[in-house]
Amino acid sequence: MKILVLSLLRLGDIIQQAPLLKGLREKHPEAEIHLLLNRQFASVEKVLEGAVDRYIYFDREALQKGLGESSYNILWSYTQVEKLVGELNQESYDVAINLTHNKLSAYLMGVIQASQKRGLYQEEGRFKGLSNRWLRYFNDRFSGSQKSLFHYVELLGKAFDIPVQTPLAASRKKNKLVLLQCLTSDSKKNWGLERYFDLKRTIEVSLVDYEVCVLGASFERETLLKVFSEKDLLICDLPEARKHLQNADLLVTGDTSIKHMAAQVGTPIVEIAVGSSDPLKTGAYSSQAVIIQGEVACAPCSHSQACSQNSHLCAEDVTVEKVFAAVWDQLSGEKILERNLFQTLERAVWSLYLDKARSDVEPFYREAIAELLSKVSLTALNAVLPSWEQQSLGYRSWLENAKKVLPAREVLAAKRSFQSSDVSELILCAQDILKSKKDEAGYFQTFVEALLSRFSQPVQIYDRVHAALMEIEELLTIREAFIRHLQSLSTEGAYYAKGIGQLSIGGFEEAGKGLQRDLENAEL
Amino acid sequence: MSMITFSENHESSLIPFEEGEALASLRDPRAEGLKWVYSLGTIPTPHVVVVGLGSGFHVAALADIDPELQITVVESREALIPVFRSQFPELEDRVNIAVVQEDHDLFKADFFQDVLSQRSYVLSFRECWGQQTSFFSQVFAHLTGRTLESVKYHFEEFGINIKALYLEPNKLLSIKDIIPVVEASAMVEEKKQIFRILGELVK
């Protein structure tokens, strides 16, 4: 079996995808795996450790040069891409997997001949390949600024059915070494060299047996020397950085490729996510990472735009004291705060929905509950269930309202032109949802996006909104059923405690109803 | 046609002048040529076209730095050629010189087929263009496929609908101008797809 993987993003993304490549190797130990990546990141070969058999390069910089400089023939870059496609097609791949998920990679996937294409590709003028719900979720949440409940690596693993392991804590010799990776690829994402300098001093004064060194690439030396002295610096390439990380007790970093490498070698991380860094999308995929974010309204900002504030507010909001507290917790082995319970519950609901191949398939509640209980205690669950159920009622009321105010298809089909006043009540409904800021998990995102889309025919808006509402209906049905299962579980738990024994969740035949709580009547 | 004269410098090299304007450095034409070659960086194609012969020192430097490179020089001032050949006899077989008087004659020249098939890299040594700047600029743009007239030759194999091409006067074409035309043309989907990839690279 021959597999081609397209990874045409930046260095950090490729390093971040290493668990996926390793998972792919584990799943197909006999397969020949080729990785297509940007030539400028060829150095990543040294850190991908046997997951890939052959590296093929997409010379993005040369192609852009060929397109931009007047000395090049207007078709020089065309010829280069054509040659690359020819070479790829000589390989007769069985499977091509697109981990990149942008238009460029979709077009490239479109011309690659492979028996099976997985992920986004363009064919016959249409984008295809969003073959499962996980991929569609990935496409929806990662193509814009929408929040995702799942980490990038986790999502891709689910989308492509690749087993991904969260890197485990490495058993390491204590070297009493803390590394700082101060500079990122974007000045907006830098916390500030002076703050790192203060942090270094604070660690050295408070934890006298710890040494603090500053990691950097050779091109960063000059900038780092403006604040740090030569003896503080560890200037190195990627493989050397990996060795330093293996020897370190902790890495304090911004949103960099180094943090993904630290995650892979099991080094604990304190990540300072400022500027456009979005930890849910690009945070280190590690159980040992603590992420500190600036809590300001404008964060995270857009990648492509410069900081719109007079000063770097998000970085200013993250104090040296706050970072040092996280460093202290990490070094002293204090338990990292449990992930937000609400988010864990939402992830469980969405996983149930996304795991379904079709809407008529019954979700795997039993497995989801077992997984949930492996992460959180029943007591903690019982404490949040009532407010979570309350949220469901709110969502249900939004949904019913939207269904009620959606004009009939026939009404819209009869219209020659479309005006926003035709769906004004739907727009008001969407505004209410947005203003409430209560839909953090994004149940109504597709509904809101449907209203923001452009249509040539009025009936198209009906189809899009109707499909979105059907999706929300399915999600809310799962959410409500999941709550009922959890409530039954806690009721069963209470009976077990009283020694009554297990009762059927489905209820007694003679009673004609289950043991689910009746909100109107507290009696069983 | 402008008047070409020659003057011997302190190294006994012949330096050409056009209407009194030197077409190379009088003091050190060799160093000037070398400096130009070093500024070029990596040359991406095995065949290059140099627009402008002038004194030829820059061409000699180019031939010297890459012995495998096939070089064609485009020149309109024929008087320069015998002096170049006598000063650099060793380049007789290395450097092909094409004389082009009118810019549209270029499309009929033999070497133009090589330019099309090899997507040749085109170099300009502006110091030797003298009074011909406007003419050589046009030649340069034709050779790289960035003029409306040259598009039909460069894109002949694709059968694109040239009529769909909109170009502002005096503007050099880029791939961005071509992509909408490609989309509007009947062309093999795979080729269109490659143009779409290029479109993403210039976004």
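On a predicted model such as this, the values are computed, not experimentally measured, just so you know. (Residues numbered from 1 in each chain as written. Chains lettered and ligands numbered in written order. Predicted model: local features only at pLDDT ≥ 70, side-chain atom pairs only at ≥ 80, totals over all residues.)

(A) Examining the overall build of chain A more closely. Looking only at helices and strands, one finds 21 helices and 13 strands in chain A. Taken over C-alpha atoms, the radius of gyration comes to 26 Å for chain A, in line with the 24 Å a tight globule of 524 residues would show. For chain A, the spread of C-alpha atoms along the principal axes amounts to about 80 × 60 × 55 Å. Here chain A holds 524 residues, and the buried ones make up 38% of them. A separation of at least 24 residues holds for 60% of the contacts in chain A among residues at least 6 apart in sequence. (Helix = DSSP H or I, 4+ residues; strand = E, 2+ residues; numbered from the N terminus. Rg over C-alpha atoms; globule rule 2.2 N^0.38 Å. Buried ≥ 20, exposed ≤ 12 C-beta atoms within 10 Å, placed from the backbone. Contact = placed C-beta atoms within 7 Å.)

(B) Here's a closer look at the packing of helix α19 (residues 424-436) of chain A against helix α20 (residues 445-452) of chain A. All names here are of chain A. Axis separation between α19 and α20 bottoms out at 10 Å; the angle between their running directions is 135°. By the angle between their directions, the pair α19 and α20 is classed as oblique. When the axes of α19 and α20 are compared, the crossing they make is left-handed. Contacts between α19 and α20 involve L426, I427, A430, I433 and L434 from the first element and F447, V448 and L451 from the second. Per-class residue counts for the contact of α19 with α20 are eight nonpolar, no polar and no charged. (Axes fitted to C-alpha atoms, helices over the stretch in contact; angles between N-to-C directions. Parallel < 35°, antiparallel > 145°, perpendicular 65-115°, else oblique. Left-handed = near helix turned anticlockwise from the far one by under 90°. Nonpolar A, V, L, I, M, F, W, Y, C, P; charged D, E, K, R; others polar.)

(C) The arrangement of the environment of L21 of chain A in detail. Residues and elements named next belong to chain A. Within the fold, L21 resides in helix α2 (residues 18-27). For L21 and L428, which are 407 residues apart along the polypeptide, the C-alpha to C-alpha distance reads 46 Å. If sequence neighbours within four positions are ignored, L21 has contacts with V5, L48, A51 and V52.

(D) Layout of the interface of chain B and chain A. Taken together, the contact between chain B and chain A spans 24 residues of the former and 25 residues of the latter. For the side of chain B that touches chain A, the secondary-structure elements that each account for two or more residues are β7 (121-124) and α8 (189-201) of chain B. The residue makeup of the side of chain B that touches chain A, split by class, is 13 nonpolar, five polar and six charged.

(E) Spatial organisation of the sheet that holds strand β2 (residues 14-18) of chain B. Residue and element names in this part refer to chain B. Reading across the sheet, the three strands line up as β1-β2-β3 and stay open at both edges, with antiparallel pairing between neighbours. Each having just a single partner strand, β1 (4-8) and β3 (21-22) make up the two edges of the open sheet. Note that β1 and β2 share five bridges and pair antiparallel. Paired with S7 across the strands is I15, a residue of β2. Across the face of the sheet, helix α3 (residues 80-87) comes into contact with β1 and β2 while running at roughly 165° to β2. (Pairing = 2+ DSSP bridges.)

(F) Unusual backbone geometry, seen in detail. Residue and element names in this part refer to chain B. Of note, the phi angle at S12 is positive, near 65°, even though the residue is not glycine. Turning to its location among the elements, S12 is positioned in the loop between β1 and β2. We note that R119 has phi near 50°; this positive angle belongs to a residue other than glycine. Among the structural elements, R119 can be located in the loop between α4 (110-118) and β7.

(G) Representation of the domain arrangement of chain A in the model. All names here are of chain A. Segmentation of chain A into domains returns domain 1 (2-159), domain 2 (177-332) and domain 3 (347-497). Here domain 1 and domain 3 have C-alpha centroids that lie 33 Å from each other. Of all the elements, helix α6 (residues 133-142) adds the most residues to the side of domain 1 that touches domain 3, at four residues. For the side of domain 1 that touches domain 3, the per-class residue count stands at four nonpolar, one polar and four charged. (Domains from an automatic or database assignment.)

(H) Layout of the pairing of strand β5 (residues 70-75) of chain B. Residues and elements named next belong to chain B. One ladder, built from five bridges, connects strand β4 (residues 47-51) with β5; its direction is parallel. The residue of β5 that forms the bridge with V49 is T72. The parallel pair β4 and β5 is bridged by helix α2 (residues 57-65), and the resulting crossover is right-handed. Direction of pairing for β5 relative to strand β6 (residues 95-99): parallel, over a ladder of five bridges. Looking at the pairing, V73 lines up with I97 of β6. Where the polypeptide runs from β5 across α3 and back to β6, its parallel neighbour, the crossover connection is right-handed. (Right-handed = clockwise from strand over helix to strand, strands pointing away.)

(I) Highlighting the confidence of the model for chain B. Looking at chain B as a whole, the pLDDT averages 92, with 98% of positions reaching at least 70. Both scores are given for the predicted complex: the pTM is 0.80, the ipTM 0.94. (pLDDT = per-residue confidence, 0-100.)

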